[in-house]
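Close look at the chain arrangement
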Amino acid sequence: MPEIAEVARVVHFLRQHLVGKTIKRVLAPDDNSIFGKVGTSGPAFEKALTGKKVVDIGSQGKYFWMVFSAPPHTVLHLGMTGWVEIRGTQTGYSRYVERTKSHTEEWPPKFWKFQIETDSDPTVEVAYTDARRFGRIRLVDCPGSEIRKHSPLVENGPDPVVDKDIFTEDFLRQKMKSRHVPIKALLLDQATISGIGNWVGDEVLYQAKLHPEQYCDDFGDADVAALYKAIRYVCDTAVEKLGDSDQFPEDWLFMHRWGKGKKDSPTALPNGEKIIHITVGGRTSCVVPSIQKKKSRMIADNTKKESTPPEEEEETESRFFNTKSKGKGKNKKQENDDVEMEERPNKKAKTVKSKPAKQEEEEEKPKPAPKTPRKSNRQKKEEKPIEPSLELGRRRSSRLSRAVA
């Protein structure tokens, strides 16, 4: 998913090519997910943009927006696979280009959701693409200068790069002390801090030497200071490089974190420090246990240790977020049998407890003969069918009837 650095890259290219230009033509086929889930439509988007001049482009975390000469303005979120293409310009960062190299030359690009053309000379052509359609495009009717005071931006926390006056060490300390969640989950919460996603969160914690499972309210002042410094360092560097991983520092975990589940992929840093993957807050986290040591309270004391055998080290999942069944390895029939065996005594006990008088009467009656072993299927076929009059509508009664017979 595009995070703070990738969004900064999109904003960089849009500012270069769109600001100051008037939009001549817009194509936006209606899409119930991208437009519809946030209360607008493709035709409404076309109408709102056509003939407008692009005055400004800004970002806050994972959101970015375009301010026009008149409202409404548009606020966009790239979702999982969204991106902005500009004809004749490579806007993609290195990993994006690798993933989409099969259709980088075609125009309009594959999976496009809207296209924009300017009236300038030369014409600038912009397209938004989104293969998985998790992106969202809104229209916000407000003065351009007040766009961050409206939804969805107002519900999000400060951007560590854009809002340096708000995102301070004291701000981070107060947020950490007021919550009781794993520190990785706090970093991913966009209502607390905007723009930090999975890889940025892992890099921040690696640089700060903190374990992602430790509760955020258990850190001392020194750890809070280290975390704040790491957030500023990682976010500032990633944004400065416009999300181009080829320019990231060589000592970053980012350079070695992408090998999970891949053949011949690195399982350690160049210096030999082991890399593992665990699940925290529902997201896979990349951790170097020898550097990010566990201390204080953790979300799961019974989490598999990093010294587990190699076949178990590929992904260690915290019990706090574990949703896997404990009955792993059982087939459905075995599971049903187990459930039936557990339920039968309970039902019997409930019946005995609720009707003691009936129990006493049954005890006085002569006990039926012991049950005979079950007959084979062949014997059952040869057996004369039981008369309907003997059936009492319950399994137990039919068995007793056979036993008496």
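The following paragraphs examine the structure supplied in this document. (Residues numbered from 1 in each chain as written. Predicted model: local features only at pLDDT ≥ 70, side-chain atom pairs only at ≥ 80, totals over all residues. Heavy atoms only, no water.)

**A word on helix α6 (residues 198–208)**
Of all 11 residues in α6, 10 are buried; the element is thus mostly enclosed. When α6 is considered as a whole, its buried residues turn out to be N198, W199, V200, G201, D202, E203, V204, L205, Y206 and A208. One or two steps after α6, the chain reaches K209, where phi turns positive at roughly 60 degrees. (Buried < 20%, exposed > 50% of the residue type's maximum accessible area, 1.4 Å probe, protein only. Helix = DSSP H or I, 4+ residues; strand = E, 2+ residues; numbered from the N terminus.)

**A word on empty space enclosed by the protein**
One way to see where empty space is left: roll a probe the size of a water molecule over the atoms. This model, assessed by the stated rule, comprises one cavity of 30 Å³ or more. The calculated volume of the largest cavity comes to roughly 30 Å³. Looking at the largest cavity, the residues that line it are R9, V10, F13, L14, W83, V84, I86 and T91. Looking at the lining of the largest cavity, the elements that each hand over two or more residues are α1 (4–17) and β5 (82–86). Per-class residue counts for the lining of the largest cavity are six nonpolar, one polar and one charged. (1 Å grid on protein atoms, 1.4 Å probe; cavity = no way out; pocket = protein on both sides within 12 Å on 5 of 7 lines; lining within 4 Å. Points joined across faces, edges and corners; volume = space filled by probe spheres on them. Nonpolar A, V, L, I, M, F, W, Y, C, P; charged D, E, K, R; others polar.)

**Describing the sheet that holds strand β3 (residues 63–68)**
The strands making up a sheet are joined through hydrogen bonds of the backbone, oriented either antiparallel or parallel. The four strands are arranged β2-β3-β4-β8 in an open sheet whose pairing can be described as antiparallel. Only two strands of the sheet have a single partner each, and these edge strands are β2 (54–60) and β8 (136–140). Looking at each pair of strands side by side, their axes are set apart by 20 degrees on average, direction ignored. Pairing between β3 and strand β4 (residues 73–77): four bridges, direction antiparallel. Looking across to β4, one finds that Y63 is bridged to H77. Along the sheet face, α1 touches β2 and β3 and points at about 170 degrees away from the line of β2. The strands touched by helix α2 (residues 42–49) within the sheet are β3, β4 and β8, with β8 carrying the most contacts at an inclination of about 50 degrees. (Pairing = 2+ DSSP bridges. Axes fitted to C-alpha atoms, helices over the stretch in contact; angles between N-to-C directions. Contact = heavy atoms within 4.5 Å.)

**As for the nonpolar core**
Formed by 34 residues in total, the largest nonpolar core has its most connected members in M176, L227 and I231. Secondary-structure elements contributing two or more residues to this core are α1, α4 (169–177), α5 (183–188), α6 and α7 (221–240). With nine residues, the top contributor of residues to this core is α7. Once you skip the residues sitting within four places of it in the chain, L227 turns out to touch L172, M176, I183, L187, V204, L205, A208 and L210. (Core = buried A, V, L, I, M, F, W, Y, C linked by side-chain atoms within 4.5 Å.)

**Thoughts on the pattern of salt bridges**
As enumerated under the stated definition, the model contains 14 salt bridges in all. Here E125 ties to R87 by a salt bridge, and the two come within 3.2 Å at their closest N and O atoms. Placement of the pair is E125 in strand β7 (residues 125–130) and R87 in the loop between β5 and α3 (94–99), with a sequence separation of 38 residues. You can call R87 partly exposed: its relative accessible area is 47%. Connected via shared salt-bridge partners are E169, D170, R173 and D221. (Salt bridge = Lys/Arg side-chain N within 4 Å of Asp/Glu carboxyl O.)

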